[in-house]
Amino acid sequence: MTQPADTSRAAAAAMPRGLFVYLLFYGGMTVLAGVLAFKQVQLWPTELAVESGIFAFLLLVVISSTIAQLYGEKLASRLVWWGFLPLAVSATLIWVVLSLPASPEMVEFRGTDLAAFETVLSQTPRIMMAGPAAYIVSLLLNVWIFSRLRGEGEGNTLGLMARGAIASALSQAIDSVIFVTLAFYGEFDITNLMIGQVIAKVVLSIVLVPFLIVGGVALAKRLDRTAAA
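Going along each chain's sequence as written, the residues are numbered from 1 onward. In view of the model being predicted, local features appear only for residues whose pLDDT reaches at least 70, and side-chain atom pairs are presented and counted only at 80 or more, with totals across whole chains, interfaces and linings using the full set of residues. The side-chain quantities take in all heavy atoms of the structure and omit both hydrogens and water.

Draft legend 1. The overall build of the protein chain, seen in detail. Helices and strands together make up the secondary structure of the protein chain, namely 11 helices and 2 strands. Order of helices (α) and strands (β) in the protein chain, N terminus to C terminus: α-α-β-β-α-α-α-α-α-α-α-α-α. In the protein chain, which comprises 229 residues, the share counted as buried stands at 34%. Within the protein chain, counting contacts between residues at least 6 apart in sequence, those at least 24 apart form 77% of the total. The Shrake-Rupley method, run with a 1.4 Å probe sphere, supplies the accessible areas, and residue values consider only the shown protein chains as cover. When the accessible surface of the protein chain is summed, it comes to about 13300 Å², and 70% of that surface belongs to carbon and sulfur atoms. In this tally, Asp and Glu contribute negative charge and Lys and Arg positive charge; neither His nor the terminal groups of the chain are included. We put the charge of a Lys on NZ, of an Arg on CZ, of an Asp on CG and of a Glu on CD. In the protein chain, the 14 positive side-chain charges and the 14 negative ones have mean positions that sit 14 Å from each other. What counts as a helix is a DSSP run of H or I of at least four residues, what counts as a strand is a run of E of at least two, and both are numbered from the N terminus. Here the term buried applies to any residue with accessible area under 20% of the maximum for its type, exposed to any over 50%, and partly exposed to those in between, with areas from a 1.4 Å probe on protein chains only. In this description, contact between two residues means that some pair of their heavy atoms is separated by no more than 4.5 Å.

Draft legend 2. Main features of the pattern of salt bridges. When a carboxyl oxygen of Asp or Glu lies within 4 Å of a side-chain nitrogen of Lys or Arg, that pair is called a salt bridge. In this structure the tally under the stated criterion is 3 salt bridges. In this structure, D113 engages R110 in a salt bridge whose closest nitrogen and oxygen atoms are separated by 3.2 Å. We classify R110 as partly exposed; its relative accessible area is 43%.

Draft legend 3. Examining the packing of helix α2 (residues 17-36) against helix α3 (residues 53-71) more closely. Closest axis-to-axis distance for the α2/α3 pair is 8 Å, and the angle between their directions is 155 degrees. On the basis of the axis angle, α2 is roughly antiparallel to α3. By crossing handedness, the relation of α2 to α3 is classed as left-handed. Here G18, L19, Y22, L23, F25, Y26, M29, T30, L32, A33 and L36 of α2 come into contact with α3, specifically with G53, A56, F57, L59, L60, I63, S64, T66, I67 and Y71. Grouping the amino acids of the contact of α2 with α3 by side-chain chemistry returns 16 nonpolar, 5 polar and no charged. Working convention: axes come from line fits to C-alpha atoms, limited for helices to the stretch in contact. Angles between N-to-C directions cover 0 to 180 degrees. Should an angle fall under 35 degrees it is taken as roughly parallel, and over 145 as roughly antiparallel, whereas 65 to 115 is taken as roughly perpendicular and any remaining angle as oblique. Take the far helix as your reference; a near helix turned counterclockwise from it by less than a right angle gives a left-handed crossing, and one turned clockwise gives a right-handed crossing. Residues are grouped as follows: nonpolar covers Ala, Val, Leu, Ile, Met, Phe, Trp, Tyr, Cys and Pro; charged covers Asp, Glu, Lys and Arg; every other residue, Gly included, is treated as polar.

Draft legend 4. Local environment of the environment of A200. Looking at the element boundaries, A200 is found in helix α10 (residues 191-207). Residues A200 and L43, spaced 157 residues apart in sequence, show a C-alpha to C-alpha distance of 7.6 Å. Non-local contacts of A200, meaning those with residues more than four positions away in its chain, are made with L43, L48, A49 and V50.

Draft legend 5. Representation of a nonpolar patch on the surface in the model. A contiguous nonpolar surface patch, about 640 Å² in accessible area, is contributed by F55, I195, I199, V203, I206, V207, L208 and L212. The topology assignment puts L208 in the loop between α10 and α11 (209-228). Exposure above 30% relative accessible area and the absence of a salt bridge qualify a residue for a patch, where like charges join within 9 Å and nonpolar side chains (Val, Leu, Ile, Met, Phe, Trp, Tyr) within 5 Å.

Draft legend 6. View of the nonpolar core. Take the buried residues of types Ala, Val, Leu, Ile, Met, Phe, Trp, Tyr and Cys, join any two whose side-chain atoms come within 4.5 Å, and each joined set is a nonpolar core. One finds Y26, Y135 and L139 to be the most contacted residues of the largest nonpolar core, which totals 34 residues. Elements with a minimum of two residues in this core: α2, α3, α4 (73-82), α8 (125-150), α9 (157-184), α10 and α11. Counting residues per element, this core draws most heavily on α3, which supplies 10 residues. Setting aside its immediate chain neighbours within four residues, L139 contacts Y26, F57, L60, V61, S64 and V80.

Draft legend 7. Structural detail: the packing of α9 against α10. Relative to each other, α9 and α10 sit at 155 degrees, their axes nearing to 8 Å. Taken together, the axis directions place α9 and α10 in an arrangement best described as roughly antiparallel. Considering the relative orientation of α9 and α10, their crossing is right-handed. The segment α9 lies against α10, with A165, S168, A169, Q172, A173, D175, S176, V177, V180, T181 and F184 engaging L193, M194, Q197, V198, K201, V202, S205 and I206. Looking at side-chain class alone, the contact of α9 with α10 contains 11 nonpolar, 6 polar and 2 charged residues.

Draft legend 8. Quick peek at the layout of surface pockets. A volume near 1100 Å³ is recorded for the largest pocket. Put simply, the grid is 1 Å and covers the protein atoms alone, a cavity is a trapped set of points that fit a 1.4 Å probe, a pocket is an open set with protein on both sides within 12 Å along at least five of seven lines, and lining residues have an atom within 4 Å of a point. If you trace the largest pocket, you find 41 residues lining it, with G34, A37, Q123, I127 and G131 closest to the centre. When contributions to the lining of the largest pocket are tallied by element, the ones reaching two or more residues are α2, α3, α5 (84-99), α7 (111-121), α8, α9 and α10. Looking at the lining of the largest pocket, the element that brings in the most residues is α5, giving 8 residues. Grid points are joined across faces, edges and corners, and a volume is the space filled by probe spheres set on the points.

Draft legend 9. Examining the environment of A134 more closely. As for its placement among the helices and strands, A134 is situated in helix α8. Residue classification places A134 among the buried positions, given a relative accessible area of 1%. Remark: the alpha-carbon pair of A134 and I178, spanning 44 residues in sequence, is separated by 5.5 Å. Setting aside residues up to four positions removed in sequence, A134 forms contacts with D175, I178 and F179.

Printed below as a string of structure tokens:
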């Protein structure tokens, strides 16, 4: 009776520490991205604007690329699919909390806070569908491109940075097209919004992602070494 449990414990103990940390981090970022997306920020010194959820989403790109680099493309792709789980659970919990009546004290004394809470967390059905659709397509595409560009060898740091930038830029452009189209097409002219989002996300992918992937790989290797010591 104890053999399956012993096998499970052994498998858990054998998991690289870097992978374990990134799995936890990934789940948190999938949830946080949707909350941060409510605010748009300007990318100084340009006039480009981007929804703030991109910062958490780019970390998802970095984590999935790091896992593909160190632990394999299949595991990275599985992580992207399993990322739906925290998304689904968080969306369900948000719906439940929004459906429950607020306390009389909050309605009377903290009405502004209640209105802000409901405004930020309430989303239209189109946006709720657009987010996961863009998420799954763009991140699977990122992992696929990143892995295909790797070839047979490990490559050097500059190669790693170039692969990360190319994969992230292409996947983020597709992400913008899918999300903006599904969320807003037919409500207004989405041309300027889509162009601005694509340019902003591609710029961030080129400027930030390569360095973050190099740092992410180095951190995971260090965590793995300290666990093995």
